[in-house]
Amino acid sequence: MTESENLILIVDDDPEITAALARGLALHGYGTVCAHRVDEARARFGEGGFSAAIVDVMIGPESGIELVRDLRAEGDRTPILMLSALSEVEDRAGGLDAGADDYIAKPFAFDELVTRLKVQERRAKRAAPALRLEPATRTVHGAAGHVTLTEREFALFATLWTHRGEVMSRADLFDRLWAREGTSSENVVDVYIGYLRRKLAPTREYGFELRTLRNRGFVLESLADDEN
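This one's a predicted model, so the numbers in the text were calculated from it and none came from an experiment.

Section: the sheet that holds strand β6 (residues 80-84)
Within the open sheet, the 5 strands sit side by side as β2-β1-β3-β6-β7. Their pairing is parallel. A strand with exactly one partner marks an edge of an open sheet, and here the two such strands are β2 (31-35) and β7 (102-105). Neighbour-to-neighbour, the strand axes of this sheet turn through a mean angle of 20°, independent of strand direction. Sheet topology note: the β6/β7 ladder contains 4 bridges and is parallel. Of the residues in β7, the one forming a bridge with Leu 83 is Ile 104. Strands in contact with helix α1 (residues 15-27) are β1 (7-11), β2, β3 (52-56) and β6; relative to β1, the strand with the most contacts, it is inclined by about 160°. Against the sheet, helix α3 (residues 64-73) contacts β1, β3 and β6, and its axis sits at roughly 170° relative to β6.

Set out below in structure tokens:
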């Protein structure tokens, strides 16, 4: 397992709960990112790279169910497990109807939580389509459709795709694609990574995840490769 695999987003307004979940998940080999507000959660979901998310039904005064509903409407397909002290049938139905993949009521057995996360991760991988690159037209094809990229966008994506599963540092990508042109700043790499994320969203429907590893660089992972 690489450091970029099995990264879980935890969304809950209670820092003690997020910390406890993070500690427990770490024991099972998961990395975690925590968000305590809806706006923070939206930004994190926008960054992508999560194998699944745990979202509380109530995030302070705001609704986790509405957050999930909005994410699904925007095309985000991250597997989501909703967590709540509310266990009535209508509460579970509300979360699932909003687009959550599973629902678990508090209190819960931690082993059950982990098992349910793994089930959702396996389902997401089985559903991941193959991705195809067409260099002649600079087009990327996937189940979400196809996107034609600019010359530089395609060069960056093709480089990441060729080295999929490997961490590519910002400096390495800059040296390969920009240095000979006299471009002065490595920040151009981040700009074009942003272009790719916007043009190829939702990335899971194209069959890959593009992850940012803090202080290390970027890694593109084929979901179809993971399934094989």
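Let's talk about the nonpolar core
Leu 156, Phe 157, Leu 160 and Phe 208 are the most contacted members of the largest nonpolar core, which has 26 residues in total. Looking at this core, the elements with two or more residues in it are α6 (151-162), α7 (170-177), α8 (187-199), β11 (208-213) and β12 (217-222). By residue number, the principal contributor to this core is α6, which donates 6 residues. In this structure, Leu 156 is in contact with Leu 173, Leu 177, Trp 178, Tyr 192, Ile 193 and Leu 196, ignoring residues within four places of it in sequence. Ile 65, Leu 71, Ile 80 and Ala 98 belong to the second-largest nonpolar core, a separate cluster that totals 21 residues.

Notes on the packing of aromatic side chains
Considering all chains together, one arrives at 5 aromatic pairs under this definition. Here Phe 108 and Phe 110 contribute two aromatic rings whose centre-to-centre distance is 6.5 Å and whose plane-to-plane angle is 35°, an arrangement assigned as tilted. Looking at Phe 108, the relative accessible area reads 26%, which means it is partly exposed. Each ring, one from Phe 157 and one from Phe 208, has its centre 5.2 Å from the other, and the planes form 70°; the classification is edge-to-face.

Observations concerning the side chain of Glu 221
Positionally, Glu 221 belongs in strand β12. A polar contact of 3.0 Å, which involves the side chain of Glu 221, links it to the side chain of Arg 211.

Things to note about the confidence of the model for the chain
Predicted coordinates in areas of low pLDDT are best not read in detail. A residue-level look at the chain finds 89% of positions with pLDDT of 70 or above and a mean pLDDT of 85. Per-element averaging of pLDDT across the chain places helix α9 (residues 223-227) at the bottom with 58 and β2 at the top with 95.

Structural notes on the sheet that holds strand β10 (residues 145-148)
Here we have 3 strands laid out as an open sheet, ordered β8-β9-β10, and antiparallel in their pairing. Strands at the two margins of the open sheet, each flanked by one partner only, are β8 (132-134) and β10. On average, each strand axis in the sheet is inclined to that of its neighbour by 20°, with strand direction left out of account. Each of β8 and β9 (139-142) touches α6; the most contacted strand, β8, lies at about 140° to it.

Some remarks on the pairing of β9
Successive side chains on a regular strand alternate, one facing one side of the sheet and the next facing the other. Where β8 lies against β9, 3 bridges are found, and the strand directions are antiparallel. Directly across from Glu 134, in β9, lies its bridge partner Thr 139. The turn linking β8 back onto β9 is made up of 4 residues, and Arg 138 within it adopts a positive phi angle of 55°. For β9 and β10, the ladder comprises 4 bridges, and the chain directions are antiparallel. Note that in β10 the partner of Thr 139 across the bridge is Thr 148.

Regarding unusual backbone geometry
In this structure, the amide linkage connecting Lys 106 to the following residue, Pro 107, adopts the cis form with an omega of -10°. Relative to the elements of secondary structure, Pro 107 occurs in the loop between β7 and α5 (110-127). In this structure, Arg 138 is a non-glycine residue whose phi angle is positive, near 55°. Locating Arg 138 in the fold gives a position in the loop between β8 and β9. For Arg 138, a relative accessible area of 34% gives the class partly exposed. Unusually for a residue other than glycine, Asn 215 sits at a positive phi of about 65°. Here Asn 215 shows up in the loop between β11 and β12. When its relative accessible area of 81% is taken as the criterion, Asn 215 is described as exposed.

Here is what the cut-offs are and how they apply
- Residues numbered from 1 in each chain as written.
- Predicted model: local features only at pLDDT ≥ 70, side-chain atom pairs only at ≥ 80, totals over all residues.
- Heavy atoms only, no water.
- Pairing = 2+ DSSP bridges.
- Helix = DSSP H or I, 4+ residues; strand = E, 2+ residues; numbered from the N terminus.
- Axes fitted to C-alpha atoms, helices over the stretch in contact; angles between N-to-C directions.
- Contact = heavy atoms within 4.5 Å.
- Core = buried A, V, L, I, M, F, W, Y, C linked by side-chain atoms within 4.5 Å.
- Buried < 20%, exposed > 50% of the residue type's maximum accessible area, 1.4 Å probe, protein only.
- Phe/Tyr/Trp six-rings, centres within 6.5 Å; stacked < 30°, edge-to-face > 60°.
- Polar contact = N/O pair within 3.5 Å; in protein donor to acceptor, adjacent residues only side chain to side chain.
- pLDDT = per-residue confidence, 0-100.

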